[in-house]
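Below, each chain spelled out in residue letters.
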Amino acid sequence: MPRSDGAGPPGAPPGTDAGTGAVLTIDLDAVAANYRRLKQQLGSVPCAAVVKADAYGLGAERVAPTLAACGCTTFFVAHLEEGIALRRVLADARIFVLIGPRADNAGAYSADHLMPTLNSPGEIETWASHVATRGAPLQAALHIDTGMNRLGLTMRDIDRLAADPGPLERLPLALVMSHLVVAEQPAHPLNAEQLQRFRTARQRVPPLARAKASFANSSGVFLGPDYHFDLGRPGAALYGLAPTDDRPNPMTQTVRLEARILQVRDVDAGESVGYGAAHLRLRPGRIATLPAGYADGYMRALSHRGRVFIGEYAAPIVGRVSMDLITVDVSDVPAHLAAPGNFATLIGPEMTPDQVGARAGTNGYEVLTQLSRRYHRNYIGGAATGSR
Ligand SMILES: *Cc1c(COP(=O)(O)O)cnc(C)c1O
């Protein structure tokens, strides 16, 4: 990710003023590059974008128009409210909402031309009655559960629809979809099993065989053409997360989180650092304090485990992550770098969201979606550059 040296204090990211404590730089050009990379992987199959959870924490309002400018015409969100908000940003896009309609909110989907995902026979019925009352061919997606056991029509539901596809004949289906469980492990046998279930379910129910199909999330895109069907549906890889375990990450990093060093202090052997006196110094050394903490989504599980970078130097987190602050050991970092006012990198190419997640006992998805609104956000690239 580019860094420019210009205005601001030493080491300060662009868009920073003297008051800024922690800066989250979001590179929209990197998101665009990832979209193009996924498109290339999909060949002639179109690529949608999953922008639920505020585009995995990066900000859907900025990310979605960037993707639309790259030619993306289909978007997925999880909640109705997210779809309503996205419609204000993208007037013409096809927007699917992964959570299905209820009788009391079906009208809100159609009012904003949002396509619900029908996840159960009850939701098919609800949407069919709504379509009947509106008298318009309102399109929807239908989700088949091929192994997640979370949302979607079960194989038993498919048996019933195979015997009587009547409930579907009246519904214009824009898409039939299913979701992979372990696609990040290409050799896992469940991938091929889910694929087979998806194909069989479609073959057994004519309206499902006729509809366009979507199967691949980010990891699925990298499982090969058998998994692509008519539409790719990646989220995580757009934001730079690695789609496949145990293979080099082909995606570009999209976020950099930097925090200003507030203070540096010497501590003696025998002293403790932070709450709970959980870190007891064995050797004398130097501690730097940075303004990011668990209230910012910098997880408390990173206590004693995370690390930040100051220039080329790694500085381990010592003591507990607190609400607003972390403390790092800078005993081995040259003093002119580990100095108040300079910035340390908490997330970036040298410490990716996937790596932060692994250290916190979670994954890169959780690291990204927890990124705080308290950080100063600096968007670079994309349609327009600017701070907010
Ligand atoms: C979140 C989600 C995706 C995107 O998955 P990634 O692993 O982020 O690419 C696709 N489909 C469904 C149904 C999802 O819930």
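Bear in mind the structure is a predicted one, so any value in this text is a computation, not a measurement. (Residues numbered from 1 in each chain as written. Predicted model: local features only at pLDDT ≥ 70, side-chain atom pairs only at ≥ 80, totals over all residues. Heavy atoms only, no water.)

**Some details on the side chain of Thr66**
Next, step 1: The residue Thr66 is located in helix H3 (residues 60–69) in this model.
Next, step 2: In contact with Thr66, other than residues within four places in its own chain, are Leu28, Ala32 and Gly382. (Helix = DSSP H or I, 4+ residues; strand = E, 2+ residues; numbered from the N terminus. Contact = heavy atoms within 4.5 Å.)

**Overview of the sheet that holds strand E2 (residues 49–50)**
Strands belonging to one sheet form pairs held by backbone hydrogen bonds; the direction of such a pair is parallel or antiparallel.
Next, step 1: In spatial order, the strands read E2-E3-E4-E5-E6-E7-E8; together these seven strands make up an open sheet with parallel pairing. The sheet is open, and its two edges are formed by E2 and strand E8 (213–214), each paired on a single side.
Next, step 2: With three bridges connecting them, strand E4 (residues 94–97) and strand E5 (residues 114–118) associate as parallel partners. Bridging across to E5, Ile95 finds its partner in Leu114. (Pairing = 2+ DSSP bridges.)

**Section: the packing of helix H1 (residues 28–42) against H3**
Next, step 1: Across the interface, H1 lies against H3 with an axial gap of 10 Å and an inter-helix angle of 45°. In terms of orientation, H1 and H3 fall into the oblique class. Considering how the two elements wind past one another, H1 and H3 form a crossing that is right-handed. In contact with Leu28, Val31, Ala32 and Tyr35 of H1, H3 contributes Arg62, Val63, Thr66 and Leu67.
Next, step 2: Class assignment for the residues of the contact of H1 with H3 results in six nonpolar, one polar and one charged. (Axes fitted to C-alpha atoms, helices over the stretch in contact; angles between N-to-C directions. Parallel < 35°, antiparallel > 145°, perpendicular 65-115°, else oblique. Left-handed = near helix turned anticlockwise from the far one by under 90°. Nonpolar A, V, L, I, M, F, W, Y, C, P; charged D, E, K, R; others polar.)

**A look at the site of the ligand**
Next, step 1: Surrounding the ligand, one finds 14 residues, the nearest of these being Lys52, Tyr56, Ser218, Ala236 and Tyr365.
Next, step 2: The separation between a nitrogen atom of the ligand and a polar side-chain atom of Arg233 is 3.0 Å.
Next, step 3: Contact between the ligand and Gly235: an oxygen atom at 2.8 Å from a main-chain N or O atom of the residue.
Next, step 4: For the ligand, the accessible surface in isolation is 390 Å², of which the surrounding protein chains cover 92%. (Near = heavy atom within 4 Å. Polar contact = N/O pair within 3.5 Å; in protein donor to acceptor, adjacent residues only side chain to side chain. Areas by Shrake-Rupley, 256 points an atom, 1.4 Å probe, with all protein chains shown as cover.)

**What about the sheet that holds strand E16 (residues 326–329)?**
Next, step 1: The sheet built from three strands is open, its strands ordered E10-E13-E16 with antiparallel pairing. Of all the strands in the sheet, just strand E10 (263–267) and E16 have a single pairing partner and so form its edges. In this sheet, neighbouring strand axes are inclined to one another by 30° on average, regardless of whether the strands run parallel or antiparallel.

**Here we look at the domain arrangement of the chain**
Interface size, as often reported, equals the accessible area lost upon joining of the parts.
Next, step 1: Entries for the chain in the domain assignment read domain 1 (28–239) and domain 2 (253–387).
Next, step 2: A C-alpha centroid distance of 37 Å is found between domain 1 and domain 2.
Next, step 3: Facing the 16 residues of domain 1 at the interface are 15 residues of domain 2.
Next, step 4: For the pair domain 1 and domain 2, the summed buried area comes to about 1300 Å², and 55% of that belongs to carbon and sulfur atoms.
Next, step 5: Of all residues in domain 1, the largest losses of buried area upon contact with domain 2 belong to Tyr56, Leu58 and Arg62, amounting jointly to 37% of the total for that side.
Next, step 6: Two residues, Arg373 and Asp54, come together in a salt bridge whose shortest N-O distance is 2.2 Å. (Domains from an automatic or database assignment. Buried area = accessible area lost by both parts, 1.4 Å probe. Salt bridge = Lys/Arg side-chain N within 4 Å of Asp/Glu carboxyl O.)

**Observations concerning the packing of helix H7 (residues 155–163) against helix H9 (residues 189–204)**
Next, step 1: In contact at an axis separation of 9 Å, H7 and H9 are set at 25° when each is read in the N-to-C sense. The angle between H7 and H9 places the two elements in the roughly parallel class. Note on packing geometry: the crossing formed by H7 with H9 is left-handed. Where H7 approaches H9, its residues Met155, Ile158, Asp159 and Ala162 are matched on the opposing element by Arg197, Ala201 and Arg204.
Next, step 2: A per-class count over the contact of H7 with H9 returns four nonpolar, no polar and three charged.

**Some words on unusual backbone geometry**
Keep in mind that most residues, glycine aside, have a negative phi and that most peptide bonds are trans.
Next, step 1: Notably, Ala53 is not glycine yet its phi reads approximately 50°, a positive angle.
Next, step 2: Of note, Tyr56 is a non-glycine position whose phi angle comes to about 55°, a positive value.
Next, step 3: On the secondary structure map, Tyr56 appears in helix H2 (residues 52–56).
Next, step 4: Tyr56 gets classed as buried once you look at its relative accessible area, which sits at 6%. (Buried < 20%, exposed > 50% of the residue type's maximum accessible area, 1.4 Å probe, protein only.)

**Here we look at the packing of aromatic side chains**
Next, step 1: Across all of its chains, the model carries eight aromatic pairs by this definition.
Next, step 2: For the ring pair Tyr56 and Tyr365, a centre distance of 6.0 Å and an interplane angle of 40° mean the geometry is tilted. Pair noted here: Tyr56 is in helix H2 and Tyr365 is in helix H13 (residues 364–369), with a separation of 309 residues, a long-range link.
Next, step 3: For the pair Phe198 and Phe229, a centre-to-centre distance of 5.0 Å together with 80° between the ring planes defines the contact as edge-to-face. On the criterion of sequence distance, the pair formed by Phe198 in helix H9 and Phe229 in the loop between helix H11 (218–221) and strand E9 (255–260) is long-range, its members being 31 residues apart. We note that Phe198, like Phe229, is buried.
Next, step 4: Taken together through their ring pairs, the aromatic side chains of Phe198, Phe215, Tyr227 and Phe229 make up a single cluster.
Next, step 5: The aromatic ring of Tyr379 is capped on one face by Arg62, whose charged end is 4.6 Å from the ring centroid.
Next, step 6: Geometry around Phe76 places Arg233 over its ring, the cationic atom sitting 5.9 Å from the centre. (Phe/Tyr/Trp six-rings, centres within 6.5 Å; stacked < 30°, edge-to-face > 60°. Lys NZ or Arg CZ within 6 Å of the ring centre and 35° of its normal.)

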